[in-house]
Amino acid sequence: MGTGVPASEQTSCAKGDPQVYCAKDTGDSEAVQVTDGESPEDSRSRDERGCSNPEDPGQLMASYEGRAKGYQVPSFGWRICLAHEFAEKRKPFNANDISLSNLIKHLGMGLRYLQWWYQKTQVEKKKPFIDLINSVPLRQIYGCPLGGIGGGTITRGWRGQFCRWQLNPGMYQHRTVIADQFTVCLRREGQTVYQQVLSVERPSVLRSWNWGLCGFFAFYHALYPRAWTVYQLPGQNVTLTCRQITPILPHDYQDSSLPVGVFVWDVENEGDEALDVSIMFSMRNGLGGGDDASGGLWNEPFCLERNGETIRGLLLHHPTLPNPYTMAVAARLTADTTVTHITAFDPDGTGQQVWQDLLQDGQLDSPAGRSTLSQKGVGIAGAVCVTSKLPPRGRCRLEFSLAWDMPRIMFGAQGQVYYRRYTRFFGSDGDAAPALSHYALCQYAGWEERISAWQSPVLDDRSLPAWYKSALFNELYFLADGGTVWLEVPEDSLPEELGGNMCQLRPLLTEYGRFGYLEGQEYRMYNTYDVHFYASFALIMLWPKLELSLQYDMALATLGEDLTWRRYLMSGVMAPVKRRNVIPHDIGDPDDEPWLRVNAYVIHDTADWKDLNLKFVLQVYRDYYLTGDQGFLRDMWPVCLAVMESEMKFDKDQDGLIENGGYADQTYDAWVTTGPSAYCGGLWLAAVAMMVQMAALCGTQDIQDKFSSILSRGQQAYERLLWNGRYYNYDCSSRPQSCSIMSDQCAGQWFLRASGLGEGETEVFPTQHVVRALQTIFEFNVQAFAGGTMGAVNGMQPQGVPDRSSVQSDEVWVGVVYGLAATMIQEGLTCEGFQTAEGCYRTVWERLGLGFQTPEAYCQKRVFRSLAYMRPLSIWAMQLALQQQHKKAEFQTSRAQD
């Protein structure tokens, strides 16, 4: 490759295909604690609560042939060898995967969708909010994203590639940018002896660079918001540990918003010779796509000294409208390091100039001044290099940052300018990239201390299984990488006529901003509320002010209306976009104008959905219970009354129980429900019970009496119509599937218990019935499905075969499974809960290679659906259940001692 390094000093990766182990029912994993001298007996006692088998090093690390453990890599997390290949290659769900009977049922919807899709893509030149024609293909490559909440994200894959970008709000580009790399250079006695791009890629560009890192001697370890990559450099007695840090800090509403990431390289010399070590960080200006093609991009070096700390780096200016930004690649200058740069090179050429520059003396030439503007169709990249001396048997540290400053944004309709949250602290003029870089490099050590203090109680709890510790924190990636926006709210932008009665609306939104995250990276709708119902546990537990902000936004949208008529794709019926006093499905599409135009979802008219209004009431009370914010409860009370009044019309026979409408009128939007149902009926009763509690808190006795009467009648109807002695029937239709065992039938009880209700005097569902139903679900939907190793299937017939009456009933929904596991823990079925959730984690993260893109759904074989989805954040409901279980045990112990 023309590396310029003597052949005797180069190390090839002359291996055959790495050995790959298929996933086994025993659930081998690298989500393990790695502790010297730990016996199987120790491992068994540690995982007793999760009912897990003792864990071995796992199939994800089976290919690793190195000895290096890395510098201060934690014991728990998701660990994978860079040479690993996932044996199972699934495909996205599409029309070919629908059974003939279901295809016939949805033929009209399919034809209407094709017509709508053509209008959207070919006429309007827009991207569909759900693109069923062009699903995102399987790429088993993703790792921890960089960037805080709401400022955009850049995902770095587990093999080191920069491969998923969300800089324009809510819009994703799945593109590996080859020039974005780290390269190491080692020099002994003034001679370069080793120079290697730290990438297993072998691309067709930059061919003068030494590619093809031997992945058998490197591994990746993720524990979001940090990740570690360990490289044992064969033949060099040198180990590199790259630690990636993002400021995701619970209960922090400043640094958590910053669009930055830090890379800390700890280099260990295990030999007896001194070395000079250099790490070069190269970065393309833009992604090499259409946004760059018009040219006009330029780079320039910068140096910033503040408070005795100096950083140097490059600014990559990308002025493309409507959302121009500046990227900063920077490094910390210390007494022990030298920072150099190259301002511009061609990322699509051979790269020889850059490679030889570094090879010559382990540094770059550092030309002064800005680059020329890039020409149309010609790319531009730059690089920053840090060099330090490495004594024998010693260690040195090299620190980089990556920051991006896109302060003012416009969504797809380009109708309004918004300012990102971080501009409150760093300004909105578009010149903050140097200051962001300096702040990140000076503050990251404090961030790490706070991250450790937050995570340690979970990681140090020997009763929790290792896979759970990995899942709990790594699934949090979606809060930042869910197309997330966190926006400033000018006080004059809030409508007086709608929010005038909400005393805390203006203070809260102006102080904490406006928050939005997508239903999924492929399902492009902000704050999809029927799904947020599950995911909201992460927000209310970690950033409660953002949850309350979202609730106020939803309340405002509920009181508004949009009487524009449109055709809905499932039914073909014309109806308004949004009716007053019903909860919207979503807050809008980032390719349009979210918040101003809600309900991007056009599959169903969700004004007639049975779950949305109920989920608002349930979340309002849950949020009040967990925050104690009485002002919030008072502000939400009139909205709760309004949406429950809208919901009353669904109780057509006045027996205190609502009826579903004979179509898919809830979050399972392709699973028909008729009459009283376990899912919506359970949500209804739970919401009515919470209305009773809220009425008492708000001092409205007449309303309390009204809902108490409804609750009493509804409980009797629910038990009479749906309880069959083992579980609650799916619905009350005449179809055979009405007796299906639904994994989500106890969702109402889940929220009751999470809110301190649902037992004793506040019991809604008989406890023995809840426990029996959960045991039945565990027996049929979990253990009788895929050998008990893939979580809980949505629907199971009592004969022990999955319900295939719809395209969703035989799917596993990961977020629903985590919520089910939380419910089991709440009811004392802790072992069953962990075993149920473990199946999903091992399927997604270890078998299917879908880490950091957890899908909404997968089937037992062949397919998955909707990558990178919101609902799996519900794993934090498991953590809440465990915390409440612990507090209850402490209280009982205290009472016993008294």
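Every value quoted in this text rests on a predicted model; they were computed, and no experiment measured them.

### Notes on the domain arrangement of the chain
So, step 1. Partitioning the chain into domains gives domain 1 (59–86 + 137–453), domain 2 (609–765) and domain 3 (766–897).
So, step 2. In this structure, domain 2 and domain 3 have C-alpha centres spaced 21 Å apart.
So, step 3. Contact residues are listed per partner, giving 31 residues for domain 2 and 37 residues for domain 3.
So, step 4. Contact with domain 3 buries surface across domain 2, with Ile-741, Ser-743 and Trp-750 losing the most and accounting together for 25% of the total.
So, step 5. At the boundary of domain 2 and domain 3, one finds two salt bridges.
So, step 6. Its salt-bridge partner being Arg-753, residue Glu-827 comes within 3.0 Å of it at the nearest N-O pair.
So, step 7. Counting the contacts that link domain 2 with domain 3 gives 18 residue pairs in polar contact (both at pLDDT 80 or more).
So, step 8. Only helix H14 (612–627), strand S27 (741–742) and helix H18 (747–754) provide two or more residues apiece to the side of domain 2 that touches domain 3.
So, step 9. With four residues, H18 is the single largest residue contributor to the side of domain 2 that touches domain 3.
So, step 10. Taken together, the residues of the side of domain 2 that touches domain 3 sort by class into 16 nonpolar, seven polar and eight charged.

### Considerations on unusual backbone geometry
Keep in mind that most residues, glycine aside, have a negative phi and that most peptide bonds are trans.
So, step 1. Between Tyr-224 and Pro-225 the backbone carries a cis peptide bond, its omega angle lying at 15°.
So, step 2. Within the element layout of this structure, Pro-225 appears in the loop between strand S8 (218–223) and strand S9 (226–233).
So, step 3. The omega angle of the peptide bond from Leu-321 to Pro-322 is 10°, so this bond is cis rather than trans.
So, step 4. Notably, Arg-393 is not glycine yet its phi reads approximately 55°, a positive angle.
So, step 5. Examined against the element boundaries, Arg-393 turns out to sit in the loop between strand S17 (381–390) and strand S18 (395–405).

### Quick look at the UniProt feature "domain: Glycosyl-hydrolase family 116 catalytic region" (unreviewed entry) in the chain
So, step 1. Look at the UniProt record and you will see "domain: Glycosyl-hydrolase family 116 catalytic region" (unreviewed entry) annotated at residues 513–878.
So, step 2. As annotated, residues 513–878 comprises 45% helix and 9% strand, and the C-alpha atoms at either end are separated by 28 Å.

### Focus on the state of the cysteines
So, step 1. Under the criterion given, the structure shown has zero disulfides.
So, step 2. Looking at Cys-163, it has no disulfide partner, and the nearest cysteine sulfur is the one in Cys-144, 12 Å off.
So, step 3. For Cys-163, a relative accessible area of 0% corresponds to the buried category.
So, step 4. No disulfide involves Cys-396; its sulfur sits 12 Å from that of Cys-385, the nearest cysteine.
So, step 5. The buried category is assigned to Cys-396, whose relative accessible area is 7%.

### Description of the sheet that holds strand S13 (residues 298–306)
The strands that make up a sheet pair up through hydrogen bonds in the backbone, lying either parallel or antiparallel.
So, step 1. Overall, antiparallel pairing links the nine strands, which are arranged S1-S8-S9-S10-S11-S18-S15-S14-S13 in an open sheet. Edge positions in the open sheet fall to strand S1 (78–81) and S13, since each of these has one partner strand only. Strand after strand, the sheet turns through a mean of 15° between neighbouring axes, direction not considered.
So, step 2. In terms of strand pairing, strand S10 (residues 238–245) meets strand S11 (residues 260–269) through eight bridges, oriented antiparallel. Considered in S11, the bridge of Val-238 is made with Asn-269.
So, step 3. Contacting S1 and S8, helix H8 (residues 466–474) runs over the sheet at an angle of about 70° to S8.

### Section: the sheet that holds strand S7 (residues 191–197)
So, step 1. On the basis of which strands lie adjacent, the open sheet formed by five strands has the order S7-S6-S12-S17-S16 and antiparallel pairing. Looking at which strands have only one partner, the edges of the open sheet turn out to be S7 and strand S16 (337–345). On average, each strand axis in the sheet is tilted by 20° relative to the strand beside it, whichever way the strands run.
So, step 2. For S16 and S17, the ladder comprises seven bridges, and the chain directions are antiparallel. What sits directly across from Thr-337, in S17, is Ser-388.

### Structural notes on the packing of aromatic side chains
Geometry of an aromatic ring pair is reported as the spacing of the ring centres plus the angle between the planes.
So, step 1. In the structure shown here, the tally under the stated rule is 60 aromatic pairs.
So, step 2. A ring pair is formed by Tyr-668 and Tyr-679, whose centres lie 5.4 Å apart and whose planes are at 90°; its orientation type is edge-to-face. Taken together, the positions of Tyr-668 in the loop between strand S25 (660–663) and strand S26 (673–675) and Tyr-679 in helix H16 (residues 678–697) put the pair eleven residues apart, joining distant regions of the chain.
So, step 3. For Tyr-679, a relative accessible area of 3% translates into the label buried.
So, step 4. One aromatic cluster in this structure is built from Trp-78, Tyr-220, Trp-467, Tyr-468, Tyr-477, Phe-478, Phe-515, Tyr-517, Phe-834, Tyr-841, Trp-845 and Phe-852.
So, step 5. Sitting over the face of the ring of Phe-76, Lys-469 holds its NZ or CZ atom 3.9 Å from the ring centroid.
So, step 6. A cation over a ring is seen here: Arg-871 above Tyr-534, with NZ or CZ 4.8 Å from the ring centre.

### As for the UniProt feature "domain: Glycosyl-hydrolase family 116 N-terminal" (unreviewed entry) in the chain
So, step 1. The positions UniProt marks with the feature "domain: Glycosyl-hydrolase family 116 N-terminal" (unreviewed entry) are residues 143–447.
So, step 2. Helix makes up 11% of residues 143–447 and strand 43%, with an end-to-end C-alpha separation of 20 Å.

### A look at the packing of helix H12 (residues 529–542) against helix H13 (residues 544–559)
So, step 1. Axis separation between H12 and H13 bottoms out at 7 Å; the angle between their running directions is 145°. Together, Tyr-529, His-532, Ser-536, Leu-539, Ile-540 and Leu-542 of H12 and Pro-544, Leu-546, Glu-547, Leu-550, Gln-551 and Met-554 of H13 make up the contact between the two elements.
So, step 2. Partitioning the contact of H12 with H13 into residue classes produces eight nonpolar, three polar and one charged.

### Regarding the pattern of salt bridges
Two side chains carrying opposite charge are able to pair once their charged atoms lie near each other.
So, step 1. On inspection of all chains with the given rule, the structure shows 41 salt bridges.
So, step 2. In this structure, Arg-397 and Asp-266 form a salt bridge, with 2.8 Å as the shortest nitrogen-oxygen distance. Taken together, the residues Arg-397 in strand S18 and Asp-266 in strand S11 connect sequence positions 131 residues apart.
So, step 3. Given the relative accessible area of 31%, Arg-397 is considered partly exposed.
So, step 4. Residues Glu-645 and Lys-706 are paired through a salt bridge, measuring 3.5 Å at the closest nitrogen-oxygen approach. One end of the pair, Glu-645, is in helix H15 (residues 630–647); the other, Lys-706, is in helix H17 (residues 701–722), and 61 residues separate them in sequence.
So, step 5. For Lys-706, a relative accessible area of 37% translates into the label partly exposed.
So, step 6. Among the ionic contacts, a cluster of salt bridges with common partners joins Arg-226, Arg-243, Asp-266, Arg-395, Arg-397 and Glu-448.

Rules behind the numbers
- Residues numbered from 1 in each chain as written.
- Predicted model: local features only at pLDDT ≥ 70, side-chain atom pairs only at ≥ 80, totals over all residues.
- Heavy atoms only, no water.
- Domains from an automatic or database assignment.
- Contact = heavy atoms within 4.5 Å.
- Buried area = accessible area lost by both parts, 1.4 Å probe.
- Salt bridge = Lys/Arg side-chain N within 4 Å of Asp/Glu carboxyl O.
- Polar contact = N/O pair within 3.5 Å; in protein donor to acceptor, adjacent residues only side chain to side chain.
- Helix = DSSP H or I, 4+ residues; strand = E, 2+ residues; numbered from the N terminus.
- Nonpolar A, V, L, I, M, F, W, Y, C, P; charged D, E, K, R; others polar.
- UniProt positions renumbered as here; feature names shortened; annotations may be inferred.
- Disulfide = S-S within 2.5 Å.
- Buried < 20%, exposed > 50% of the residue type's maximum accessible area, 1.4 Å probe, protein only.
- Pairing = 2+ DSSP bridges.
- Axes fitted to C-alpha atoms, helices over the stretch in contact; angles between N-to-C directions.
- Phe/Tyr/Trp six-rings, centres within 6.5 Å; stacked < 30°, edge-to-face > 60°.
- Lys NZ or Arg CZ within 6 Å of the ring centre and 35° of its normal.

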